[in-house]
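Notes for the structure review
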Amino acid sequence: MADRGTLQGLKITMTKHPTSFKLNGILKEKNEQITGDKAVILYDGPVRELCPLAPNNINTMAAAAIAAHNLGFDKVQGSIVADPSLRDWHIVEIDVTGPGDVKSGEVFTVSTVRKNPAKIGHVTGSATYASFLSSMLQAKGFGPGVHLC
């Protein structure tokens, strides 16, 4: 859809236990003030603004912004949610809006949720390492450059 210019929207929401985020600036301060078991939205906006605030946590969002090149880092939306009750998982939700008329609701959409087992305090879920290795092995032989597998 990005190549054809029909990708109209992309949002990635990442939900983790507060100790699984490695944040900077205002997000770090907001995260440190969380008490109780209620989820708190720490950030909701363009991925570009999120990158320097959460450089260890936004790899999925940055890769999506590169793949969605017609939207880029300014139009791909990212959301970071700290949920103290989320003790065994990192959850990534991806919402795509494609061809059609958004205003009328007659538009292509797809949503997916990935639940990755993770220990409290870990930035990366346990299934990510095997996935990363598989991607690296699949990219073998494609030559120089960045390859999204």
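These notes cover the structure that comes with them. (Residues numbered from 1 in each chain as written. Predicted model: local features only at pLDDT ≥ 70, side-chain atom pairs only at ≥ 80, totals over all residues. Heavy atoms only, no water.)

**Here's the deal with the environment of E49**
How we decide: Per the convention used, a helix needs a DSSP run of H or I reaching at least four residues, while a strand needs a run of E reaching at least two, with both numbered from the N terminus. The classification of residues rests on relative accessible area computed with a 1.4 Å probe and restricted to protein chains. Under 20% of the type maximum is buried, over 50% is exposed, and intermediate values are partly exposed.
Within the element layout of this structure, E49 appears in helix α2 (residues 47–50). Classification of E49 by relative accessible area gives partly exposed; the value is 49%. Put simply, E49 and Q77 are 28 residues apart on the chain and 9.8 Å apart in space, counted from C-alpha to C-alpha.

**What to know about the sheet that holds strand β1 (residues 9–16)**
Quick note on the threshold: We treat two strands as partners when DSSP finds at least two bridges between them. Each axis is a line fitted through C-alpha atoms, and for a helix only the stretch in contact is used; angles between axes span 0 to 180 degrees, taken between their N-to-C directions. For this analysis, residues touch if any pair of their heavy atoms sits within 4.5 Å.
Read from one edge to the other, the open sheet built from 5 strands follows the order β2-β3-β1-β4-β5, with strand pairing classed as mixed. In the strand order of this sheet, the two ends are held by β2 (40–46) and β5 (106–117), each with one partner. The average angle at which neighbouring strand axes cross in this sheet is 10°, direction not considered. Alignment of β1 against strand β3 (residues 77–82), held across 6 bridges, turns out to be parallel. Within β3, the residue paired with T15 across the bridge is V81. Lying over the sheet, helix α1 (residues 25–32) contacts β2 and β3, oriented at roughly 160° with respect to β2. Each of β1, β3, β4 (89–101) and β5 is contacted by helix α3 (residues 59–67), which is oriented at about 170° to β1, the strand it contacts most.

**Things to note about α3**
The periodicity of an α-helix, 3.6 residues per turn, causes residues three or four places apart in sequence to face the same way. So the rule is basically this: Each C-beta atom gives one direction from the helix axis, and the arc is the one those directions make.
Every buried residue belonging to α3 is among M61, A62, A64 and A65, and all of these are buried. Viewed along the axis of α3, the buried residues span an arc of 160°, placing them on a single side of the element. Those residues of α3 that are buried are in contact with β1, α2, α4 (72–75) and β3.

**Quick notes on the pattern of salt bridges**
Cut-off, in case you're wondering: In what follows, salt bridge is the name for a side-chain nitrogen of Lys or Arg lying within 4 Å of a carboxyl oxygen of Asp or Glu.
According to the stated counting rule, one finds 3 salt bridges in the structure shown. Between K11 and D44 there is a salt bridge, with the nearest N and O atoms lying 2.9 Å from each other. In this pair, K11 sits in strand β1 while D44 sits in strand β2, placing the two residues 33 residues apart along the sequence. Two residues, R87 and D37, come together in a salt bridge whose shortest N-O distance is 3.8 Å. Taken together, the positions of R87 in the loop between β3 and β4 and D37 in the loop between α1 and β2 put the pair 50 residues apart, joining distant regions of the chain.

**Regarding the nonpolar core**
In globular proteins that are soluble, nonpolar side chains generally tend to be buried together. Note the threshold: Only buried residues count toward a nonpolar core. Its members are Ala, Val, Leu, Ile, Met, Phe, Trp, Tyr and Cys residues joined through side-chain atoms within 4.5 Å.
Counting 27 residues, the largest nonpolar core has L10, L42, L50, M61, V76 and I80 as the members making the most contacts within it. At the level of secondary structure, the elements contributing two or more residues to this core comprise β1, β2, α2, α3, β3 and β4. Examining the composition of this core, we find that 4 residues originate from one element, α3, more than from any other. In this structure, I80 is in contact with M14, F21, V40, I41, L42, Y43, L50, I58 and M61, ignoring residues within four places of it in sequence.

**Brief notes about the side chain of T15**
Of note, T15 is situated in strand β1. Since its relative accessible area comes to 10%, T15 is described here as buried.

**Side note on the packing of aromatic side chains**
Here is the rule we go by: For Phe, Tyr and Trp, rings pair up if their centres lie within 6.5 Å, where Trp contributes its six-membered ring, and each pair is then called stacked (planes under 30 degrees apart), edge-to-face (over 60) or tilted (otherwise). Any Lys NZ or Arg CZ found within 6 Å of a ring centre and within 35 degrees of that ring's normal is scored as a charge over the ring.
By the definition in use, this model includes 0 aromatic pairs. The side chain of K115 reaches across the aromatic face of W89, ending 4.6 Å from its centre.

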